[in-house]
Amino acid sequence: MATASSSVFIYKGVDKKGAKVQGEMSGVSTALVKSQLRKQGITTRSVRKKPKPLFSTGKPITPMDISIFTRQMATMMKAGVPLVQSFEIVAEGVDNPNLRDLIMGIHSEVASGTSFALALSSKPKYFDELFCNLVESGEQSGALETMLDRVATYKEKTEALKAKIKKAMNYPIAVLCIALVVTGILLVKVVPQFASTFSSFGADLPAFTLFYLGISDFVIEWWLIILAGIGIAVTSLKEAIKRSPAFADQMDALSLKLPVVGDIIYHSVLARFSRTLATTFSAGVPLIDALDSVAGAAGNAVYKKAILSVRDEVATGIALNVSLRRTGVFPSMLLQMTAIGEESGALDEMLDKVASFYEDAVDNMVDGMTALLEPIIMSFLGVIIGSLMIAMYLPIFQLGAVV
């Protein structure tokens, strides 16, 4: 469903009654925009591409914004509001100007006769292939409002799952970064003050104190290189993942083996697999095509490879649950529920229940990990900062004992 990238054009002209009109419309080219305006009864006098600002204004459009937009569109259409008018109503209630422009751009394309799915596919940055395919399926079946409701539910569930994963990752990383910053300040600013005091003692310092004084001298002398090294290492890792598919696959496989976090990633992948397959299958998408979409949304190379293998086997007539079992990466509960769903003809319902189970499991695991990490991280901070303070005050305590 790929299409050429569209732009926003500013037009001026007159309508059928001879009144002057002006506005904006999305289109691939000036000629196409003029043609679309003619269909609306507007005689154009000028059409030019809208210049892009030097600096972006407004908040960026987030996946959660798209999820809310989808839910609002589903609500409007369920209430019987026509599609074109639904765009206008939803856009009026949007505070983010970038999101409003996106919605009105889609509105212009749909109003000119373009299908909703095709209008969405011209903006792949915000609407992926799965989203567009589901909307297209809804348009072709004449049940767009029902499909939008399913897509909205799917987006809400997946975004909630992503938020849980971010919560699991961000909390310990943020605390450790704060710990490193505090420790660095102590080593660079506080420890040298003690060192100047110790120089007047005229006695040998404890080995523990000398150890921290050595670290402080090293950090003060090489702090710029240390920071540059960390920055280069992080950037190199990101670029390696982006440029090398093989390396990215290895990192995905490694992430599943990490303690605690690996279990969360594993359950989130299973939840995403179940939720995506349930949504696409219930939308009437053929199983083979649905598995293609699921593979793209898996979020982990190990499972993407396994799902593509399942797709190839299902295409030859093998049952889905049998193909899933052969991969060796899916748990027995998911396999049993899939088998029951295939036998009863309610595969989408069973997969939906599986998705809810694993989403709840991820939620509980994140809460459990957060509760477990809090005392561990506090203890870690106490040991690092406490040992540093002990090392600095130990010579003073020894001097007091001698006196």
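It should be noted that the structure appears before, not after, this text.
Participant: Can you explain the layout of surface pockets? Please cite residues and give values.
Facilitator: Quantified by volume, the second largest pocket comes out at close to 650 Å³. As for the second largest pocket, its lining consists of 31 residues, of which Glu159, Lys162, Arg272, Ala297 and Gly299 are closest to the centre. Of all the secondary structure elements, the ones that give two or more residues to the lining of the second largest pocket are helix H2 (63–78), helix H6 (129–141), helix H7 (144–198), helix H9 (245–255), helix H10 (261–282) and helix H11 (287–297). Counting residues per element, the lining of the second largest pocket draws most heavily on H7, which supplies seven residues. When its residues are assigned to classes, the lining of the second largest pocket shows 13 nonpolar, eight polar and ten charged.

Participant: So what about the packing of helix H3 (residues 83–92) against helix H4 (residues 97–111)? Which residues, and what values?
Facilitator: Between H3 and H4, whose axes approach to 9 Å, the crossing angle comes to 165°. Considering the angle they form, H3 stands roughly antiparallel to H4. For H3 against H4, the interelement crossing comes out left-handed. Residues Leu83, Val84, Phe87, Glu88, Val90 and Ala91 of H3 form the contact with H4, whose own contacting residues are Arg100, Ile103, Met104, Ile106, His107, Val110 and Ala111. Split into classes, the residues belonging to the contact of H3 with H4 amount to ten nonpolar, one polar and two charged.

Participant: Describe the pattern of salt bridges, listing the residues and the values that go with them.
Facilitator: Two side chains of opposite charge can pair, provided their charged atoms sit close to one another. Applying the stated criterion across every chain yields a total of twelve salt bridges. For Asp149, the salt bridge is made with Arg71, and the minimal N-O distance between the two is 2.6 Å. Within this pair, whereas Asp149 is found in helix H7, its partner Arg71 is found in helix H2, the two being separated by 78 residues in sequence. Judged by relative accessible area, Asp149 falls into the partly exposed class, the value being 21%. Linking Arg275 and Glu359 is a salt bridge whose minimum nitrogen-to-oxygen distance equals 2.9 Å. A residue pair is termed long-range when its members are at least 10 positions apart, and Arg275 in helix H10 and Glu359 in helix H15 (residues 347–402) qualify at 84 residues.

Rules behind the numbers
Every residue gets a number counted from 1 within its own chain, in the order that chain's sequence is written. A pLDDT threshold of at least 70 governs which residues receive local features in this predicted model, and a stricter bar of 80 or more applies before side-chain atom pairs are shown or counted, although totals over entire chains, interfaces and linings include all residues. Processing note: side-chain calculations cover all non-hydrogen atoms of the structure and skip hydrogens and water entirely. The definitions used throughout rest on a 1 Å grid laid over the protein atoms alone, on which a cavity is an enclosed set of points accommodating a 1.4 Å probe that cannot get out and a pocket is an open set flanked by protein within 12 Å on both sides along at least five of seven lines; lining residues are those having an atom within 4 Å of a point. Grid points are joined across faces, edges and corners, and a volume is the space filled by probe spheres set on the points. Numbering of helices and strands runs from the N terminus; a helix is a DSSP stretch of H or I covering at least four residues, while a strand is a stretch of E covering at least two. Classification used: nonpolar for Ala, Val, Leu, Ile, Met, Phe, Trp, Tyr, Cys and Pro, charged for Asp, Glu, Lys and Arg, polar for all others including Gly. Whenever a helix is involved, its axis is fitted only over the stretch in contact; in every case the axis is a line through C-alpha atoms, and angles between N-to-C directions fall within 0 to 180 degrees. Put simply, angles under 35 degrees are roughly parallel, angles over 145 are roughly antiparallel, angles from 65 to 115 are roughly perpendicular, and the rest are oblique. In this scheme the handedness of a crossing depends on how the near helix is turned from the far one: anticlockwise by less than a right angle means left-handed, clockwise means right-handed. Should any heavy atoms of two residues lie within 4.5 Å, those residues are counted as being in contact. A side-chain nitrogen of Lys or Arg and a carboxyl oxygen of Asp or Glu constitute a salt bridge if their distance falls within 4 Å. Categorising residues by exposure relies on relative accessible area from a 1.4 Å probe, with only protein chains included: less than 20% of the type maximum marks a residue as buried, more than 50% marks it as exposed, and the intermediate range marks it as partly exposed.

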